[in-house]
Every structure is written in C-alpha cells, then in structure tokens.
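Chain residues, written in single-letter form:
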Amino acid sequence: MKTFKLFLTLSLALFITNGLSAQKIYNPNADAKKDLIEAVAKAKKEGKHVLIQVGGNWCPWCIKMHRYLHSQEEINKLLNDNYVFLEVNYSKENKNKDVLMDLGYPQRFGFPVMLVLNAKGERIHTQNTGNLEKDKGYDFDRVKSFLYNWRPDALNPANYK
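Let me begin by describing the structure that accompanies this report.

About the cut-offs
Residue numbers restart at each chain and count upward from 1, following the sequence in its written direction. In keeping with the predicted nature of the model, local features appear solely for residues at pLDDT of at least 70, side-chain atom pairs appear and are counted solely at 80 or more, and the whole-chain, interface and lining totals rest on all residues. To get the side-chain values, take all heavy atoms of the structure and skip hydrogens and water. By the criteria applied, helices consist of DSSP H or I runs no shorter than four residues and strands consist of E runs no shorter than two, each listed in order from the N terminus. Here the Shrake-Rupley method, with its probe set to 1.4 Å, supplies the accessible areas, and only the displayed protein chains count as covering residues. The cut-offs for exposure are 20% and 50% of the maximum accessible area for each residue type, with area from a 1.4 Å probe on protein chains only; residues under the lower value are buried, those over the upper are exposed, and the others partly exposed. Should any heavy atoms of two residues lie within 4.5 Å, those residues are considered in contact. Here a polar contact means two N or O atoms within 3.5 Å. Within protein one must be a hydrogen donor candidate and the other an acceptor candidate, and residues neighboring in sequence count only if both atoms are side-chain atoms. Multiplying 1.5 Å by the residue count of a helix minus one yields the expected span of that helix. Residues belong to a common nonpolar core when they are buried Ala, Val, Leu, Ile, Met, Phe, Trp, Tyr or Cys residues joined through side-chain atoms within 4.5 Å. Relevant arc is that of directions from the helix axis to the C-beta atoms, nothing else. Take a side-chain nitrogen of Lys or Arg and a carboxyl oxygen of Asp or Glu: if they are within 4 Å of each other, that pair is a salt bridge.

**A few points about the overall build of the protein**
Part 1 of the reasoning: Regarding its fold elements, the protein presents 6 helices and 6 strands.
Part 2 of the reasoning: Along its sequence from the N terminus, the protein presents helices and strands in the succession α-α-β-α-α-β-α-β-β-β-β-α.
Part 3 of the reasoning: For the protein, the accessible surface area stands at approximately 9800 Å², while carbon and sulfur atoms represent 54% of it.

**Observations regarding the environment of Tyr148**
Part 1 of the reasoning: Here Tyr148 lies in helix H6 (residues 140-149).
Part 2 of the reasoning: Classification of Tyr148 by relative accessible area gives partly exposed; the value is 40%.
Part 3 of the reasoning: When the C-alpha positions of Tyr148 and Leu79 are compared, they lie 8.8 Å apart, and in sequence the two are 69 residues distant.
Part 4 of the reasoning: Among all residues touching Tyr148, those that are not within four sequence positions of it are Leu78 and Ala154.
Part 5 of the reasoning: Within the structure, Tyr148 has its side chain in polar contact with the side chain of Arg151 (distance 2.8 Å).

**Points about unusual backbone geometry**
Part 1 of the reasoning: Here the residue pair Phe111 and Pro112 is connected by a cis peptide bond, since its omega of -5 degrees sits within 30 degrees of zero.
Part 2 of the reasoning: Position of Pro112 among the secondary structure elements: in the loop between helix H5 (97-102) and strand S3 (113-117).
Part 3 of the reasoning: In this model, Asn96 sits at a positive phi of 50 degrees, which is unusual for a non-glycine residue.
Part 4 of the reasoning: Structurally, Asn96 can be placed in the loop between strand S2 (83-89) and H5.
Part 5 of the reasoning: Asn96 gets classed as buried once you look at its relative accessible area, which sits at 10%.
Part 6 of the reasoning: With a phi close to 55 degrees, Tyr105 is a non-glycine residue in the positive phi region.
Part 7 of the reasoning: By the element assignment, Tyr105 lies in the loop between H5 and S3.
Part 8 of the reasoning: The exposure class of Tyr105 is partly exposed, given its relative accessible area of 45%.

**Re helix H3 (residues 60-71)**
Part 1 of the reasoning: Here H3 spans 16 Å end to end across 12 residues, near enough to the 16 Å set by a 1.5 Å rise per residue.
Part 2 of the reasoning: Among the residues making up H3, those that are buried are Cys62, Ile63, Met65, His66, Tyr68 and Leu69.

**Here's the deal with the nonpolar core**
Part 1 of the reasoning: One finds Leu36, Val50, Ile52, Val54, Leu103 and Leu117 to be the most contacted residues of the largest nonpolar core, which totals 18 residues.
Part 2 of the reasoning: Only helix H2 (32-46), strand S1 (49-55), S2, H5 and S3 provide two or more residues apiece to this core.
Part 3 of the reasoning: Tallying contributions element by element places H2 first for this core, with 5 residues.
Part 4 of the reasoning: When sequence neighbours within four positions are dropped, the list of residues in contact with Leu36 reads Ile52, Leu86, Val99, Leu103 and Leu117.
Part 5 of the reasoning: One finds Tyr83, Met114, Leu132 and Leu147 within the second-largest nonpolar core, a separate group that totals 15 residues.

**Concerning H6**
Part 1 of the reasoning: Turning to H6, its buried residues number three or more, namely Val143, Phe146 and Leu147. Each buried residue of H6 sits inside an arc of 90 degrees when the element is viewed along its axis, so together they form one side.
Part 2 of the reasoning: The N-terminus of H6 is capped by Asp139, whose side-chain oxygen sits 3.2 Å from the backbone nitrogen of Asp141.

**A few points about the pattern of salt bridges**
Part 1 of the reasoning: Counted according to the given criterion, the structure contains 5 salt bridges.
Part 2 of the reasoning: One salt bridge connects Lys48 with Glu46, and the closest N-O pair in it is separated by 3.2 Å.
Part 3 of the reasoning: Using a relative accessible area of 16% as the deciding quantity, one classes Lys48 as buried.
Part 4 of the reasoning: Residue class for Glu46 comes out partly exposed when judged on its relative accessible area of 38%.
Part 5 of the reasoning: The residue Glu74 makes a salt bridge to Lys144 at a minimum N-O spacing of 2.6 Å. Of this pair, Glu74 sits in helix H4 (residues 73-82) while Lys144 sits in helix H6, and the two are 70 residues apart along the sequence.
Part 6 of the reasoning: Glu74 gets classed as partly exposed once you look at its relative accessible area, which sits at 41%.
Part 7 of the reasoning: A relative accessible area of 29% places Lys144 in the partly exposed class.

This is the structure:
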C-alpha cells in the first residue's frame, strides 16, 4: 500500500510539473521590441505604467506568477487598473538580448523578473520576484504591495503635498 501511495504521489507531481511546463505563455517568436513600443504607447494613452514580466515557458515560477496575477481577483484588478501588462520571453530560442540590455539586464535577478516602466518607456523599477514568494507560491500581501506602490498615482508628487 505504501508503494502505491508513493507511486500515486510521484505520478501526480509529474503530471502537475508537466502541466506547468506545457502551458505556453511566452512566445519566443514575438517581436519584443515592437510589443514594448505598443505597450508604452497604450500606457501613455491610458495614463498607466507598463509592467513587464520576463521569463519563459521552461520556468515553473514564471508560469506560477502568470497564473497568480490573473487568478487573484484583487491583484488582477490592481494590475488591470494601473498597468499595461507584457510578458517578454527569455529562452534558448530567443533571449531578447537587445530588449533586456535596454532594460538594464534584469535577468541578473533570475526568473521571473518584473519591470515597471513609466508612460515614457523609462524603467523606474526592477523587481526580484524571489522577494514576493512565500513557501511554494507567491505572497498576496507582498505582490499587492509591489503593484500598489509602483502604480502611477503612487508616484504622483501631487499626492504628497
């Protein structure tokens, strides 16, 4: 019976791992420069910042972050109300070296890594997502605080007079 339970547990873990890696969120064929230009233009028009998540389909934590941002209702609302969201691929097929060089080499923090750009396309923050983790997932309060503290209104000097 113990052998069967161990087999079942290992099979389930393998199934979950394969499911995470099978989900294709990042597009290695995407034109990241073009996508970034479009995201900045949209952010400017809508009075938002750009939030970039750099990672790859090979990265379980990248998939977890994508799911977390879109499945937590309050987090997703904060994201949609304040940011134009863009996922930039980093993989053996396409490392997007030029884009990441222009963004200050955020890959040095590991993956996923988040960047906040203002509506002019200027990088104003790079977030190591390891600081947003808790146990085997992401921490609601840490993620919420990160998104809240880098939204456009949070950086408006008129709010602090």
